[in-house]
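Structure assessment
Listed below, chain by chain, are the residues.
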Amino acid sequence: MTKHLILASSSPRRQELLHQVKIPFTIRKPNVDESQVKTTDPFEKVKQLAIRKGHNLQLENKDEVLLSSDTVVSYKKDIFEKPKNKEEAYQMISTLSGNIHEVFTAVMIRSSDDEFIFVESTNVEFWPLREEEINWYISTNEPYDKAGAYGIQQTGAMFVKQVIGDYYNVVGLPISRVVRELRRFSVYPEA
Ligand SMILES: Cc1cn([C@H]2C[C@H](O)[C@@H](COP(=O)(O)OP(=O)(O)OP(=O)(O)O)O2)c(=O)[nH]c1=O
């Protein structure tokens, strides 16, 4: 029997990507204090955050399947989440300038009798950036709701020299793998 997806996320990108592949869903927003997760390892961090978001909400019946997710940007030993202000946004983008960084997204899928979590990683290379273009980009206000202070799917595209791995993972959900894993939970696209 087909089950119904509950998206435990307020990210507009995750909603758009599920719409793009025609998976019907209902949004239920988790309320999680992300500062409780202390690990400095990006793989562990996204995993623990996705688990917290997923377990913050109740499954209301056996026909529901819940999906939660978390994305961070990582360069060398640093983890970049959403910048809190202009200075943090500048610091993040200037660190990424001219370098290859990694984007980690964890996805947790759970039903009343099963649970599965995976982490996908994508490498992104930025062109060397000028101070003026970084400041101009920050003035568009695009960085503030995005891990690493850029949106590859928006104006941030102008920084990207190459993407190695799943592009959609950078946007916040590795959608083709998600479709495959959801099938195992009896959640399918609808025409
Ligand atoms: C790197 C990058 C991140 N992002 C976004 C994806 C995520 O929405 C956000 C990382 O923050 P998250 O904490 O993963 O997600 P969120 O707070 O937006 O939503 P929720 O916790 O309710 O699921 O950064 C982009 O949109 N484009 C990009 O290029």
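Under the annotation held in an unreviewed UniProt entry, the chain carries the name dTTP/UTP pyrophosphatase and is attributed to Oceanobacillus bengalensis. According to the UniProt record, the Subcellular location (unreviewed entry) comment for the chain is "Cytoplasm". Here is the UniProt Cofactor (unreviewed entry) comment for the chain, exactly as written: "a divalent metal cation".

What follows covers the site of the ligand. Neighbouring residues of the ligand: 24 residues in total, closest S9, S11, T71, I152 and G172. Going through the elements one at a time, helix 1 (12-20), strand 3 (64-75) and helix 5 (167-171) are the ones with two or more residues in the shell around the ligand. Tallying contributions element by element places strand 3 first for the shell around the ligand, with 4 residues. Tallied by class, residues from the shell around the ligand come to 7 nonpolar, 10 polar and 7 charged.

What follows covers the UniProt feature "active site" (unreviewed entry) in the chain. The positions that UniProt labels "active site" (unreviewed entry) are, in the present scheme, D70. If we skip the residues at most four places from it in the chain, D70 touches V46, L49, A50, K53 and A106.

About the criteria used
Residues numbered from 1 in each chain as written. Predicted model: local features only at pLDDT ≥ 70, side-chain atom pairs only at ≥ 80, totals over all residues. UniProt positions renumbered as here; feature names shortened; annotations may be inferred. Near = placed C-beta within 6 Å. Helix = DSSP H or I, 4+ residues; strand = E, 2+ residues; numbered from the N terminus. Nonpolar A, V, L, I, M, F, W, Y, C, P; charged D, E, K, R; others polar. Contact = placed C-beta atoms within 7 Å.

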